[in-house]
Amino acid sequence: MTEPTAPLLELRNVHAAYGRIEVLHGIDLVVPRGQVVALLGPNGAGKTTTLLVATGQHPASQGCVHVGGRHVNGVKPDELARLGLCTIPEGRGVFRSLTVRENLVMASYRGLPADQIIESAVARFPRLGERIGQVAGTLSGGEQQMLAMARGLATDPGLLIIDELSMGLAPLIVAELYEIVAGIATEGVSILVVEQFARTVLGVADPAVIMQHGHVVAAGPPADLEAELSAAYLGAST
Ligand code: ATP
């Protein structure tokens, strides 16, 4: 059982390695209920590895992972999904050769009726309603991200983890998607969004967490992190 008041996700002093090379050197990260947390950092900072550890896909060599207050080191990804974790992978994880409707129907495997999933997806993303019979591979990038989010929400998650929401999308679409993300959080779903760098996320996230070289180098309200953000990205390009 998870504790109703505990943060959805909590990493404490998490270390992780590939073979003998340690790439996470003691990560602390908390995703409180109903909040959007942005995990930011340049190439190779360790963001994806942090997600892999949080979702049970890569082991922590030290430290604790808690989901809803429950210690989950070593727990398998499907069990974590049952505890309410849902990941939207980089590249979005939709079935490109299936229609929007078929993609949504396939998300109903965890029990919610397909009609209900389609109805709530279309209510939240009217654009998907207009394209319900279209093959997902022919949707725009933004529409594919909407479909991926609708599929994720169909599992009624407590925590939605979105990897690189902005990848390959125009700034206006990214802004539109982040407004939707903020709305989802107000409904009580916690959101952890990983971005290499998308300034738009700073408008909806609190806190933002900046990683560099396998460490958290700063965390807090985005407005307080301007200097750290500049340093992280300037440092990365030299
Ligand atoms: P990006 O924004 O480029 O995806 P990231 O912040 O997500 O970067 P990670 O992918 O977590 O960073 O990588 C952290 C470090 O771990 C990097 O030095 C990377 O080379 C290394 N790494 C990642 N995956 C593997 C792997 N499968 N085997 C060995 N080293 C890896």
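Treat the numbers as computed from the prediction; the structure is a model and nothing was measured.

**Q** What is the right way to look at the pairing of strand E2 (residues 21-31) in this model?
**A** In the case of a regular strand, side chains alternate between the two sheet surfaces. With eight bridges joining them, strand E1 (residues 9-18) and E2 adopt antiparallel strand pairing. Paired with glutamate 10 across the bridge in E2 is valine 30. Hairpin connection from E1 to E2: two residues lie between these consecutive antiparallel strands, with glycine 19 at a positive phi of about 60 degrees.

**Q** For this particular structure, what's the right way to read unusual backbone geometry?
**A** Glycine aside, a negative phi is what most residues show, and trans is what most peptide bonds show. For the peptide bond that leads from aspartate 206 to proline 207, omega is 5 degrees, which places it in the cis range. Look at aspartate 156: it is not a glycine, yet its phi comes out positive at around 55 degrees. Assignment of secondary structure puts aspartate 156 in the loop between helix H6 (141-153) and strand E7 (159-163). According to the relative accessible area criterion, aspartate 156 is exposed, its value standing at 63%.

**Q** I tried to follow the pattern of salt bridges on my own but got confused; where do I start?
**A** It is possible for side chains of opposite charge to pair when their charged atoms get near one another. As enumerated under the stated definition, the model contains nine salt bridges in all. Arginine 12 is paired through a salt bridge with aspartate 28; the nearest N and O atoms lie 3.9 Å apart. In this pair, arginine 12 is assigned in strand E1 and aspartate 28 in strand E2, connecting sequence segments 16 residues apart. Residues glutamate 130 and arginine 131 are paired through a salt bridge, measuring 3.1 Å at the closest nitrogen-oxygen approach. Taken together, the shared-partner salt bridges connect Arg127, Glu130, Arg131, Glu143 and Glu176 into one network.

**Q** I'm lost on the pairing of strand E9 (residues 208-212) in this one. Help?
**A** With five of five residues buried, E9 is to be regarded as a mostly interior element. Every second residue of E9 is oriented toward a common face, with Ala208, Ile210 and Gln212 on one face and Val209 and Met211 on the other, all of them buried. Where strand E3 (residues 36-40) meets E9, three bridges bridge the pair, whose relative direction is parallel. Among the inter-strand pairings, leucine 39 is bridged to a residue of E9, identified as valine 209. Pairing geometry for E9 and strand E10 (residues 215-220), over five bridges, is antiparallel. Bridging across to E10, alanine 208 finds its partner in glycine 220.

Basis of the calculations
- Residues numbered from 1 in each chain as written.
- Predicted model: local features only at pLDDT ≥ 70, side-chain atom pairs only at ≥ 80, totals over all residues.
- Heavy atoms only, no water.
- Pairing = 2+ DSSP bridges.
- Helix = DSSP H or I, 4+ residues; strand = E, 2+ residues; numbered from the N terminus.
- Buried < 20%, exposed > 50% of the residue type's maximum accessible area, 1.4 Å probe, protein only.
- Salt bridge = Lys/Arg side-chain N within 4 Å of Asp/Glu carboxyl O.

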